[in-house]
Amino acid sequence: MNAPTTRRLTVAQALVEFLAHQYTERDGRRHRLINACWGIFGHGNVAGLGQALLESGSASHEGAPPGPPALPYLQGRNEQAMVHAAVGYARQCDRLSAQAVTTSIGPGATNLVTGAALATVNRLPVLLLPGDVFATRPADPVLQQLEVPSAGDLSVNDALRPVSRYFDRVTRPEALIPAALQAMRVLADPVDTGAVTLALPQDVQAEAYDWPVEFFADRVWRVPRPAPDADALADAVRALRGARRPLVVAGGGVHHSEAEDALCAFADATGIPVASTQAGKGSLRHDHPADVGGIGHTGTATADALAREADLVLGVGTRYTDFTTASSTLFAEPGVRFVNLNIASFDAHKLAAACLVADARAGLEALTKELSGHRVDAEYESAYRAAKADWERRVDAAYAAEDASVRPSQTQVLGALDAVVDDTDVIINAAGSLPGDLHKLWRARSRRQYHLEYGYSCMGYEIPAAIGVRLAAPDRPVWALVGDGTYLMNPTEIVTAVQEGINITLVLIQNHGYASIGGLSQATGGERFGTDYRFRAEDGTYTGAPLPVDLAANAASLGMQVLRAATVGELRAALAEARGANRPTCVYVETETADTVPGAPEAQAWWDVPVAETATRPAAVAAREAYDRHTAGRRRHL
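Predicted model, so just to flag it, every value in this text is computed and none were measured. (Residues numbered from 1 in each chain as written. Predicted model: local features only at pLDDT ≥ 70, side-chain atom pairs only at ≥ 80, totals over all residues. Heavy atoms only, no water.)

J.: Residues and numbers for helix α18 (residues 462-472), please.
T.: Owing to its 3.6 residues per turn, the α-helix brings residues three or four apart onto one side. With 9 of 11 residues buried, α18 lies mostly within the body of the structure. Those residues of α18 that sit buried are E462, I463, P464, A465, A466, I467, G468, V469 and R470. (Buried < 20%, exposed > 50% of the residue type's maximum accessible area, 1.4 Å probe, protein only. Helix = DSSP H or I, 4+ residues; strand = E, 2+ residues; numbered from the N terminus.)

J.: Give a description of the sheet that holds strand β3 (residues 29-32) that names residues and reports values.
T.: Strands pair in a sheet through their backbones, by hydrogen bonds, and they do so in one of two ways: parallel or antiparallel. Reading across from one edge, β3-β2-β11 is the order of the 3 strands in this open sheet, with mixed pairing throughout. Two strands close off the open sheet at either side, each with one partner strand: β3 and β11 (219-222). Each adjacent strand pair in this sheet contributes to an overall mean axis angle of 35°, direction not counted. Relative to β3, strand β2 (residues 22-26) runs antiparallel, the two sharing 4 bridges. Looking at the pairing, T24 lines up with H31 of β3. Strand contacts of helix α6 (residues 176-188): β2 and β11, with the helix running at about 35° to β11, the strand carrying the most contacts. (Pairing = 2+ DSSP bridges. Axes fitted to C-alpha atoms, helices over the stretch in contact; angles between N-to-C directions. Contact = heavy atoms within 4.5 Å.)

J.: Just give me the short version of the confidence of the model for the chain, but keep the residues and values in it.
T.: As a note on interpretation, predicted positions should not be read in detail where pLDDT is low. Of all residues in the chain, 97% have pLDDT values of 70 or greater, and the mean over the chain is 94. Overall, residues 59-63 carries pLDDT values under 50, and its contacts beyond four positions in sequence, including any with other chains, amount to 4 contacts. (pLDDT = per-residue confidence, 0-100.)

J.: Could you give me a rundown of the packing of helix α10 (residues 260-270) against helix α14 (residues 360-370), with the residues and numbers involved?
T.: Running from amino to carboxyl end, α10 crosses α14 at an angle of 20°, the nearest separation of the two axes being 9 Å. Considering the angle they form, α10 stands roughly parallel to α14. Remark: the crossing between α10 and α14 carries left-handed chirality. Side by side, α10 and α14 meet where A262, L263, A265, F266 and A269 of the first sit next to R361, L364, E365, L367 and T368 of the second. Looking at the contact of α10 with α14, its residues break down into 7 nonpolar, 1 polar and 2 charged. (Parallel < 35°, antiparallel > 145°, perpendicular 65-115°, else oblique. Left-handed = near helix turned anticlockwise from the far one by under 90°. Nonpolar A, V, L, I, M, F, W, Y, C, P; charged D, E, K, R; others polar.)

J.: So what's going on with the packing of aromatic side chains? Which residues, and what values?
T.: Per the counting criterion, the structure on display carries 11 aromatic pairs. Considering the side-chain rings of F18 and F215, the 4.5 Å spacing of their centres and the 15° angle between planes classify their relative orientation as stacked. Of this pair, F18 sits in helix α1 (residues 11-19) while F215 is found in the loop between β10 (208-212) and β11, placing the two residues 197 residues apart along the sequence. A relative accessible area of 4% means that F215 is categorised as buried. With 5.8 Å between their ring centres and 20° between their planes, W211 and F215 make a pair best called stacked. Site record: aromatic cluster; members linked through ring pairs are F18, Y209, W211, F215 and F216. One residue, R30, lies across the ring of Y23, its end atom 5.9 Å from the ring centre. Over the ring of Y588 we find R564, and its NZ or CZ is 5.7 Å from the ring centre. (Phe/Tyr/Trp six-rings, centres within 6.5 Å; stacked < 30°, edge-to-face > 60°. Lys NZ or Arg CZ within 6 Å of the ring centre and 35° of its normal.)

This is the structure:
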């Protein structure tokens, strides 16, 4: 009897089955491409993908015994947060494995937009499966449908187009085949990856079709390691050999390529110092002699001084955002030139660089081989190592708290955390004043310890991302560091962590407002207007007493174990207890607002935030004068 050549399934059932057979492969190691599907059900996906996900855990065909689901389901509470969780998972998996997210039509779908933007900005894969309005339009409009008089084929899902690396609307069952294949191609491509959206009209999801069995065969998407062009490599080697003060800027591409060992070997062989972006921090261990810490607006004094004097900059896997370049003022040497090693040609060509379009690991290995016998001048190496040692002493001072009975500063919170973690811990943050402090001060011990989402810097990322990381690395202690502003944006996935027994630890820092934006407001003449969480004063401003909110009680009400710490000593004990806990735990601490981050004003790299050109208030007038001085230092690297 001949085997059947087709299977009759609904579109949703076929998609779930298809996703269960997709794999990536790099360096001979295979990974499930779509590991699970997050979902919140409503009209638009409950009877389509919801039914298919349920059915995938029962008999896959008549007479077959029930088994594990083809695509495991994870229940979320907020659509944006589900995307954040999937992104955290993908980053922890080096982009080789990802997760899907399904929503209803209408607000469920549009709630995906922020998460999709975050994924695409950070080049991290996530598959979005929003429900859509009827393709056949038996009733028009339906509940939650956006009507556009000039475009009958438009829905709210089209808002996902500009933030997706690939977008398709599956309006016929047979259209799923090319759409699904293109979606997998983009998700697995290290150059093109990001958010991928397949909009699924709710009637099409439930429609049956005879699918060719080949559609459900195991399919492997190989992730290559392209080597650099020989001529481009020769040019880069020539430039590096001729440089007197070279500097490496390590970006997130080092981590995505698993190129940390190759970077370490390069630094060991050449003595070239390595500074890191937010995404690249941890590319070298903090105690490596060549690691000079974060670079740019939130960088260390050591790295930024080296950047100002560098005559050649080797960028590895970096996008050169304005925080890294200090808004085009940091690389100040008149003759400075750039060599960019990046798998994406778009990024490799930035700053008029000599380009090495290649995988980061393959490129670094090739450079190390061709630079055999070359090393920077001993005086240069000695000078940056001395500056590194001086910076470490300043970090020690910022972390130290001689009196354990007082309320800690934010930097002392980091010092207390630094004392309890080891190489296995993962620290997650995204927004507020913490990213700057962490970039300057945190001593990254391993390649995946430092998890900062700073491409989009999205408040509310940390808690769901911690869940995603823990799902990807269940044996690692995972810490979500958030301020009160971020917590109030998106605490919902605490319930998910409690429900699923996903053991994350939340460090909740109460400083009564937007500390980072408050500082920026003050620096740009805004006088901290609207940045504190306080009652209104008689003059109408928010300068009254702090609001009597109890965020610790809120976390407890959502199911977390909560440890309150009022002093440095209590904080140290609470962090140690939380690290050993076997359930989701929150350490709540109220901090002093005094800034104890080291760094002299002259060493601070600038960030361009335009200031009012005309104003009457003295703070804004002074801020504009400072702005004009800084803009004079901007340059085009041509």
